[in-house]
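Fold and contact review
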Amino acid sequence: MNIYLSMAAFALAASITPGPVNIVALSAGAQFGFGVTQRHVFGATLGFTLLLLLLGLGMHQLLILWPALTRLIQWAGVAFLLFMAYRLAFDDGRLGNGAAQAPSCWYGALMQWLNPKAWLASVASLGAFVGDGDIRLLWQFAGLYFVICYVSVACWAYVGAMLRGLLRQARNVRRFNRAMALLLAVSACYLLAEGF
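Scoring rules and cut-offs
- Residues numbered from 1 in each chain as written.
- Predicted model: local features only at pLDDT ≥ 70, side-chain atom pairs only at ≥ 80, totals over all residues.
- Heavy atoms only, no water.
- Helix = DSSP H or I, 4+ residues; strand = E, 2+ residues; numbered from the N terminus.
- Rg over C-alpha atoms; globule rule 2.2 N^0.38 Å.
- Buried < 20%, exposed > 50% of the residue type's maximum accessible area, 1.4 Å probe, protein only.
- Axes fitted to C-alpha atoms, helices over the stretch in contact; angles between N-to-C directions.
- Left-handed = near helix turned anticlockwise from the far one by under 90°.
- Contact = heavy atoms within 4.5 Å.
- Nonpolar A, V, L, I, M, F, W, Y, C, P; charged D, E, K, R; others polar.
- UniProt positions renumbered as here; feature names shortened; annotations may be inferred.
- Phe/Tyr/Trp six-rings, centres within 6.5 Å; stacked < 30°, edge-to-face > 60°.
- pLDDT = per-residue confidence, 0-100.
- Expected span 1.5 Å × (residues − 1).
- Polar contact = N/O pair within 3.5 Å; in protein donor to acceptor, adjacent residues only side chain to side chain.

1. What about the overall build of the protein?
Assigned secondary structure in the protein consists of 8 helices and 0 strands. Shown N-terminal to C-terminal, the secondary structure of the protein runs as helices and strands in the order α-α-α-α-α-α-α-α. Relative to the 2.2 N^0.38 estimate, which gives 16 Å for 196 residues, the radius of gyration of the protein is 17 Å and therefore close to what a compact globule would have. In the protein, which comprises 196 residues, the proportion classed as buried is 44%.

2. Considering the environment of Val-36
By the secondary structure assignment, Val-36 is in helix α3 (residues 34-65). Along the backbone, Val-36 and Trp-106 are 70 residues apart, and their C-alpha atoms lie at a distance of 14 Å.

3. Here's the deal with the packing of helix α2 (residues 20-32) against helix α7 (residues 135-163)
Direction vectors running N to C along α2 and α7 enclose 35°, while the axes themselves pass 6 Å from each other. Seen along the crossing, α2 lies across α7 with a hand that is right-handed. The residues of α7 that touch α2, namely those facing Val-21, Asn-22, Ala-25, Leu-26, Gly-29 and Ala-30, are Val-153, Trp-156, Ala-157, Val-159, Gly-160, Ala-161 and Leu-163. Taken together, the residues that form the contact of α2 with α7 break down as 10 nonpolar, 3 polar and no charged.

4. Concerning the UniProt feature "transmembrane region" (unreviewed entry) in the protein
The UniProt record annotates "transmembrane region" (unreviewed entry) at residues 41-65, 72-89, 142-163 and 175-193. Across residues 142-163, the secondary structure splits into 100% helix and 0% strand, with the terminal C-alpha atoms separated by 32 Å.

5. Here we look at the packing of aromatic side chains
Aromatic ring pairs: the centre-centre distance and the angle between the two ring planes describe each pair. Counting across every chain of the model gives 8 aromatic pairs. Taking 6.2 Å as the distance between ring centres and 80° as the angle between the ring planes, the aromatic pair formed by Phe-42 and Phe-146 counts as edge-to-face. One end of the pair, Phe-42, is in helix α3; the other, Phe-146, is in helix α7, with 104 residues separating them in the sequence. A residue is classified by how much of its surface remains accessible, and Phe-42, at 36% relative accessible area, is partly exposed. Taken together, a centroid distance of 4.9 Å and an interplanar angle of 45° make the contact between Tyr-86 and Phe-90 tilted. Like Phe-90, Tyr-86 is exposed.

6. Things to note about the confidence of the model for the protein
Counting all residues, the mean pLDDT for the protein is 84, and 91% of those residues have values of 70 or more. Across the protein, element-level confidence peaks in α7 with a mean pLDDT of 95 and bottoms out in helix α4 (residues 67-89) with 78.

7. Examining the packing of helix α1 (residues 2-16) against α7
It is the contact of α1 with α7, at a shortest axis distance of 9 Å, that shows an interaxial angle of 35°. The crossing of α1 and α7 is right-handed. Contact residues: α1 offers Tyr-4, Met-7, Ala-8, Phe-10, Ala-11, Leu-12, Ala-14, Ser-15 and Ile-16, while α7 offers Leu-137, Gln-140, Phe-141, Leu-144, Tyr-145, Ile-148, Cys-149, Ser-152, Cys-155 and Trp-156. Taken together, the residues of the contact of α1 with α7 sort by class into 16 nonpolar, 3 polar and no charged.

8. Observations regarding α2
A rise of 1.5 Å per residue sets the reference length of α2, with its 13 residues, at 18 Å; its end C-alpha atoms lie 18 Å apart and thus fit the reference within 8%. Extensive coverage of α2 is indicated by the burial of 13 of its 13 residues. One or two residues past the end of α2 sits Gly-33, with phi positive at roughly 95°.

9. Some words on the side chain of Ser-125
Within the secondary structure, Ser-125 sits in helix α6 (residues 116-129). Given a relative accessible area of 0%, Ser-125 falls into the buried group. Polar contacts involving the side chain of Ser-125 include one to the main-chain carbonyl oxygen of Ser-122, which spans 3.0 Å.

The structure is reproduced here in structure tokens:
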């Protein structure tokens, strides 16, 4: 039982802390509401769980053989973060009226595959909990992580939806989105400064 509590604690710490996926969930919740944002939440959760499973089933060996692929994924992740920051920074601030498009399920999944935080969390958790290659334990961990990741990202979307009432004016939404864009840009710059 202790292993499952440890897994759950790790999954919660990795999923609930701020990161690009959670920032987009917060912003989408504020802009489009909690219900519409569930597509992003589900996609991000599914994308992360698939990444975790594939790494656990041996994809990490491919990355060891081709280190350039790892570098390509890292650069694509930084570019994606900067692209999202740009979109948020130049959004017109109108809430959920078709001016902007809510993040889709596929967008959420892609975000996880280009999210350096997701890769680090996957590799670290696999090393800590499934290092011996126990496939049954990998599937159990992935199931547990799926639930915790979903709830964590949904919490960010919920907080965003609660802020929606404070963001009735387009001017306030633009300020909020620019603050979220700045957080994403800072995340990208941090990754560049750290050299991934």
